[in-house]
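For reference, the chains in residue letters:
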Amino acid sequence: MSILIKGGRIIDPSQGIDQKGNLLIENGKIKSYPKSVKKHENDKKVKVINAKGKVVSPGFVDIHVHLREPGFEHKETISTGCRCAAAGGFTSIVCMPNTNPVNDNASVTEYILLKARTEGIVNVFPIGAITKGEMGETLAQIGEMYEAGCVGVSDDGMPVMNSKVMRHAMEYVQAFDIPVISHAEDKNLSGTGVMNEGEVSTQLGLVGIPCASEDVMVSRDITVAELTGARLHICHVSTEGSVRLIRAAKKRGVNVTAEATPHHFTLTDEAVSQYDTNAKMNPPLRGERDRQAVIAGLKDGTIDAIATDHAPHSEDEKKVEFDLAPFGIVGLETALPLSLRLVEDGVLTLDNMISKLTNVPSDILNLGKGTLKAGSAADVVIFDPEKEITVDREKFHSKSNNSPFHGWKLKGSVEYTIVSGKIVYSG
Ligand SMILES: [Zn+2]
């Protein structure tokens, strides 16, 4: 089937395109940008989508997702995670290895990719663990996982506390030109903390996680990346200190990239004040100074990409005392409208925002996605940046609904998500 998307505002940062026009999809690929559409409109084999007033861009790429399968299928599966991604405008997602069993060897990688091919509706790229079982001790089978299709390594959810192990990982990955992806946290400094350490944690009587817990490890990882020359990617930057360290590292030429999540640039630890477990995540929501620093980092390019850290947990698991609830929130279905707030606030241009959700994250992991170049796979999102929506967690396509944004009135609605020329979501 062919699809003609006509009259939209086509924005593709990978080609420097921002113009009104038409896009023709044929045989699963981007075919052309036809000036005249009459011929195609009269062709019965062409589905015509009127995109007037809408933005047409490469499908979004999320390099930080927890799909939970294998092992935690009550939270999310590869099937539901993909449907949720499609509903959020994402056509490619990268899944973290903290499943059960952990994705620390090629057989788990192959299992995930097989499931994604048979049950998934968007492109799924797995990340392998740095260490066996994410235990932080012995390196996982990185070479085999790379051969099987892993695009990077990370012990996300857990830091690699041993600096020598981190050094070995950074030396080893260079043979495959993949990055080490760091969940930067000093477990000893975090201790039993459940939220950001500060005024709010004191008022609430909850144990805090200091910003230093993140800053120390960002500093360590940058230092080891400098020592080894490895490519380092820092996950979910949440502190002013991290932003400063990454900015300085980039200035002196260290091979480091970074991402921030919509919840860290939108919320502060004030969101915890009602002991809402849907405001409990790791790293925790920080203070306003940190939030502003993350926003400044996104603006000046210190933080390259927006990633969701989509972390589904079942309602039963979250409906407990704050101390006992697991860390994490779902994010795929709220990422677009929350990111559009940065555009409305004048922090990012629309092109810039789209870039941080498409070609830039794709390039960090060499995915070859996030583009509308003729000949590439037709992974496209059509969205209305002005349409008002109310976030309703009961309507999420995710198996879980742990979101602090329930009931929020936002702007930005996904109208169509297309993967390899196939419509996988329409709003
Ligand atoms: Zn993490």
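Residues numbered from 1 in each chain as written. Predicted model: local features only at pLDDT ≥ 70, side-chain atom pairs only at ≥ 80, totals over all residues. Heavy atoms only, no water.

Turning our eyes to something else, we now look at the nonpolar core. With 77 residues, the main nonpolar core has Ile93 and Phe383 as its most contacted residues. Broken down by element, this core gets its largest block of residues, six residues, from helix α2 (residues 78–87). In contact with Ile93, not counting residues within four places along its chain, are Asp62, Val65, Leu67, Gly81, Cys82, Ala85, Val122, Asn123, Val124, Phe125 and Leu332. By size, the runner-up hydrophobic cluster in this structure holds 18 residues, among which are Met281, Phe322, Ile329 and Val330. (Core = buried A, V, L, I, M, F, W, Y, C linked by side-chain atoms within 4.5 Å. Buried < 20%, exposed > 50% of the residue type's maximum accessible area, 1.4 Å probe, protein only. Helix = DSSP H or I, 4+ residues; strand = E, 2+ residues; numbered from the N terminus. Contact = heavy atoms within 4.5 Å.)

Those residues of helix α5 (residues 163–173) lying buried are Val165, Met166, Ala169, Met170 and Val173. Down the axis of α5, the sector holding all buried residues measures 135°, keeping them to one side. Structurally, the start of α5 carries an N-cap: the backbone nitrogen of Lys164 is 2.8 Å from a side-chain oxygen of Asn162. (Arc of directions from axis to C-beta. Polar contact = N/O pair within 3.5 Å; in protein donor to acceptor, adjacent residues only side chain to side chain.)

The subject of this paragraph is the pairing of strand β17 (residues 409–419). Taken across its eleven residues, β17 has eight buried, putting it largely inside the fold. Two strands pair when backbone bridges link them, and strand β16 (residues 380–390) and β17 are joined in this way by eight bridges, in the antiparallel orientation. Note that in β17 the partner of Glu388 across the bridge is Lys411. As paired elements, β17 and strand β18 (residues 422–426) share four bridges and run antiparallel to each other. Following the sheet pairing, Thr417 is matched in β18 by Tyr425. Between β17 and β18, which pair antiparallel one after the other, the connecting turn spans two residues, and Ser420 there sits at a positive phi close to 45°. (Pairing = 2+ DSSP bridges.)

A few words now on the sheet that holds strand β7 (residues 90–95). With respect to topology, three strands assemble into an open sheet ordered β6-β7-β8, the strand pairing being parallel. Edge positions in the open sheet fall to β6 (60–65) and β8 (123–126), since each of these has one partner strand only. Each neighbouring strand pair of the sheet contributes to a mean axis angle of 20°, computed without reference to strand direction. Across four bridges, the pairing between β6 and β7 is parallel. In the sheet register, Val65 faces β7, and the bridge partner there is Cys95. The strands touched by helix α3 (residues 106–119) within the sheet are β7 and β8, with β8 carrying the most contacts at an inclination of about 175°. (Axes fitted to C-alpha atoms, helices over the stretch in contact; angles between N-to-C directions.)

To continue, consider the environment of Thr223. With respect to the secondary-structure elements, Thr223 resides in helix α8 (residues 211–228). When the C-alpha atoms of Thr223 and Val254 are compared, they prove to be 9.0 Å apart, with 31 residues separating the residues in sequence.

As a further point, take the packing of helix α9 (residues 240–251) against helix α11 (residues 288–300). A packed helix pair is summarised by two numbers, namely the angle formed by the two axes and the spacing between the axes. Across the interface, α9 lies against α11 with an axial gap of 8 Å and an inter-helix angle of 30°. The angle between α9 and α11 falls in the class roughly parallel. Side by side, α9 and α11 meet where Glu240, Val243 and Arg247 of the first sit next to Arg289, Asp290, Ala293, Val294, Ala296, Gly297 and Asp300 of the second. Residues belonging to the contact of α9 with α11 are distributed by class as follows: four nonpolar, one polar and five charged. (Parallel < 35°, antiparallel > 145°, perpendicular 65-115°, else oblique. Nonpolar A, V, L, I, M, F, W, Y, C, P; charged D, E, K, R; others polar.)

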